[in-house]
Amino acid sequence: MSVPTITLTESDPTGIAVDALVVGTVQGPDGLALAPGAETVDSAFDGGLVDLLRLLGASGKADEVVKLPTRGAVAAKVLVAVGLGKPAADGGVSSEQVRRAAGAAARALSGTAQAASTLSTIDLAAAAQGTLLGAYAFTSYKSEPGDGPLGEMQLVTSDPAGQRDTLEEATAVAEAVRTARDLVNTPPNDLYPASFAERAAELGRQVGLEVEVLDETALREGGYGGILGVGGGSSRPPRLVRLRYRGENPKAKVALVGKGITFDTGGISLKPAPNMDEMTSDMAGAAAVVASVVLAARLKYPLEVVATVPMAENMPSGTAYRPGDVLTMYGGKTVEVLNTDAEGRLILADAIVRACEDQPDYLIETSTLTGAQVVSLGKRTAGIMGSDEFRDRVATFAQATGEGGWPMPLPEELRADLDSKLADIANVTGHRWGGMLAAGLFLSEFVADGVQWAHIDIAGPAFNTGSPWGYTPKGATGVPVRTIAAVLADIVANG
């Protein structure tokens, strides 16, 4: 899959000879208005650009794309006006508004060879990320992939040399998101535990990571009862992948854990048939942490980052684990299985205990964990739980990056509902109230004392089942790679 080339230019946008020139519009207090960066373009249209766009029905609302032929007014053949929505009270627009607008423009320019954009004069990093993410298309399995993505985007800036590092970092983050999307979008007949482990290991080796892969024999010898239990029903046995990045003079040690259920039928507690195909995305958390540790290496963060990634396929068969089974997890804690469709927390428990053996300063775990997350917060807002201070820190960056997230509690009174008559803990409560919070409480039982940790439930945000919007395509979104990247950068800066 080709990736658009992003370049910087300090040329006057009116003189850039490309197929399309992108300018931003906003919903101002008096109606449609041009966003910053379009001043010289407006002058080339004798100050009448807003009137022309209004004739075409433009309003400046978010994701709106209006095209008009330039007829020689500027060097570009077509002008593309993309809406950023309503500006803030001070008249400015946010990075997320720029990112979404750049993504909408990139999608609209599919098949275009060359384009330029003035959105970068507002926020270059957001414009670059939005372009790369909006132009994403997963076409590996199409015999006729179509027009292909945008070929090249020139971003207008007054200081190309001074902003090259900004562009490189923004591009690296966007490429990590694209990597996560590719993994999630790969169908489960091709992405199963062994092949996923191979792809993760190869991505790690390409950037010099230490790689360890435990197969079913090593998992059995190590006592990983959660991973083995969940994966026992599949003919394709489970794996545990460990990817370690050691930065120079690391300021902190960060553990990343992601759920890697390559397909989830629900096991013996079988899911309903409608929409089960979407369970190809049940390894989105694993994809995100694999992409994130690779990103940390590419950006040379002065951190030690270790990703611990359990991978299994949850299938019903004669060898599948059952409701009523008791599993002995890695580390010795026992779990009574009351529902085999609450499998993610079982493989995560093994991985969390193993990750905590490294004595990390921080632990970030992400997973498509509960349908209750979607019920509680919808399909675009992740639920974030964990130790209070770090939970809030992660939620702040989830919101700042535009990925979305909301801090959620871990109510003590729900813990008693996980009590088991047979084992140390049950994998679900006996009711449907507070399901996301109960899952968070279950995971908290396996986090070592003193570790600052956060769990990001991305059951809804990881996979877009609706129409594309902004820079978000249909299918895998790559959430929460940008959140994790922002948290890692903040740990570098502030400890």
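Refer to the preceding data block for the structure.
This is a predicted model, so every value here is computed, not measured.

Each value, and the rule that gives it
- Residues numbered from 1 in each chain as written.
- Predicted model: local features only at pLDDT ≥ 70, side-chain atom pairs only at ≥ 80, totals over all residues.
- Heavy atoms only, no water.
- Helix = DSSP H or I, 4+ residues; strand = E, 2+ residues; numbered from the N terminus.
- Rg over C-alpha atoms; globule rule 2.2 N^0.38 Å.
- Contact = heavy atoms within 4.5 Å.
- Areas by Shrake-Rupley, 256 points an atom, 1.4 Å probe, with all protein chains shown as cover.
- Lys, Arg positive; Asp, Glu negative; His and termini not counted.
- Charge placed at Lys NZ, Arg CZ, Asp CG, Glu CD.
- Salt bridge = Lys/Arg side-chain N within 4 Å of Asp/Glu carboxyl O.
- Axes fitted to C-alpha atoms, helices over the stretch in contact; angles between N-to-C directions.
- Parallel < 35°, antiparallel > 145°, perpendicular 65-115°, else oblique.
- Left-handed = near helix turned anticlockwise from the far one by under 90°.
- Nonpolar A, V, L, I, M, F, W, Y, C, P; charged D, E, K, R; others polar.
- Phe/Tyr/Trp six-rings, centres within 6.5 Å; stacked < 30°, edge-to-face > 60°.
- Buried < 20%, exposed > 50% of the residue type's maximum accessible area, 1.4 Å probe, protein only.
- Lys NZ or Arg CZ within 6 Å of the ring centre and 35° of its normal.
- Expected span 1.5 Å × (residues − 1).
- 1 Å grid on protein atoms, 1.4 Å probe; cavity = no way out; pocket = protein on both sides within 12 Å on 5 of 7 lines; lining within 4 Å.
- Points joined across faces, edges and corners; volume = space filled by probe spheres on them.
- Core = buried A, V, L, I, M, F, W, Y, C linked by side-chain atoms within 4.5 Å.

**So, the overall build of the protein**
If you tally the helices and strands in the protein, you get 15 helices and 21 strands. For the protein, whose C-alpha radius of gyration is 24 Å, the value lies close to the compact-globule estimate of 23 Å for 495 residues. In terms of principal-axis extent, the alpha carbons of the protein reach across some 80 × 50 × 45 Å. Sequence separation of at least 24 residues holds for 76% of the intrachain contacts in the protein that already meet a minimum separation of 6. On the protein, roughly 19100 Å² of surface is accessible, and the fraction owed to carbon and sulfur atoms is 48%. Both charge centroids of the protein, one from 40 positive and one from 59 negative side chains, sit 3 Å from each other.

**Observations concerning the pattern of salt bridges**
According to the stated counting rule, one finds 27 salt bridges in the structure shown. Between Arg244 and Glu210 there is a salt bridge, with its nearest N and O atoms 3.6 Å apart. Of this pair, Arg244 sits in strand β9 (residues 239-246) while Glu210 is found in strand β8 (residues 210-214), placing the two residues 34 residues apart along the sequence. Counted as one network, the salt bridges with shared partners bring together Glu210, Glu212, Arg242, Arg244, Arg246, Glu304, Arg354, Glu357 and Asp358.

**Observations concerning the packing of helix α12 (residues 388-400) against helix α15 (residues 481-494)**
Here α12 crosses α15 at 120°, and the two axes come no closer than 9 Å. The angle between α12 and α15 falls in the class oblique. α12 and α15 meet at a crossing whose hand is right-handed. Facing α12, whose interface residues are Phe390, Arg393, Val394, Phe397 and Ala398, α15 presents Thr483, Ala486, Val487, Asp490, Ile491 and Asn494. Class assignment for the residues of the contact of α12 with α15 results in seven nonpolar, two polar and two charged.

**Focus: the packing of aromatic side chains**
Counted according to the given criterion, the structure contains four aromatic pairs. Here the aromatic rings of Phe442 and Phe446 are separated by 5.2 Å at their centres, their planes lie at 45°, and the arrangement is tilted. Residue Phe442 shares its accessibility class with Phe446, and that shared class is buried. Of note, Arg181 hangs over the ring of Tyr136, and the distance from its end group to the ring centre comes to 5.2 Å. The aromatic ring of Phe446 is capped on one face by Lys333, whose charged end is 5.8 Å from the ring centroid.

**Quick word on helix α6 (residues 193-206)**
Taking 1.5 Å as the rise per residue, α6 with 14 residues should run 20 Å; its terminal C-alpha atoms sit 20 Å apart, in good agreement. All of the buried residues along α6 are Pro193, Ala194, Ser195, Phe196, Ala197, Ala200, Ala201, Leu203 and Gly204. Buried positions along α6 lie against α5 (164-185), β8, β9, β11 (260-264), α9 (284-298) and β12 (304-314). Where α6 ends, the next residue or the one after it, Gly208, has phi of about 80°, a positive value.

**Considering the layout of surface pockets**
The computed volume of the largest pocket comes to approximately 1000 Å³. For the largest pocket, the lining is made up of 41 residues, of which Lys271, Leu369, Thr370, Gly371 and Ala372 are closest to its centre. Elements supplying a minimum of two residues to the lining of the largest pocket: α10 (344-356), α11 (371-377) and α14 (435-444). Per-element tally for the lining of the largest pocket: the top contributor is α11, with five residues.

**Quick word on the nonpolar core**
Ranked by internal contacts, the top residues of the largest apolar core, which has 90 residues, are Leu119, Leu155, Leu256, Val293 and Val305. The residues touching Val293, leaving out its near neighbours within four places in the chain, are Leu209, Leu243, Tyr245, Leu256, Val305 and Ala307.

**Considerations on unusual backbone geometry**
The peptide bond linking Val479 to Pro480 adopts the cis configuration, its omega dihedral lying at 5°. Mapped onto the secondary structure, Pro480 falls in the loop between β21 (475-476) and α15. In this structure, Asp46 takes a positive phi of about 55° despite not being glycine. Along the chain, Asp46 falls in the loop between α1 (39-44) and α2 (49-55).

Interpretation note: all reported values are geometric properties and have no functional meaning in isolation.
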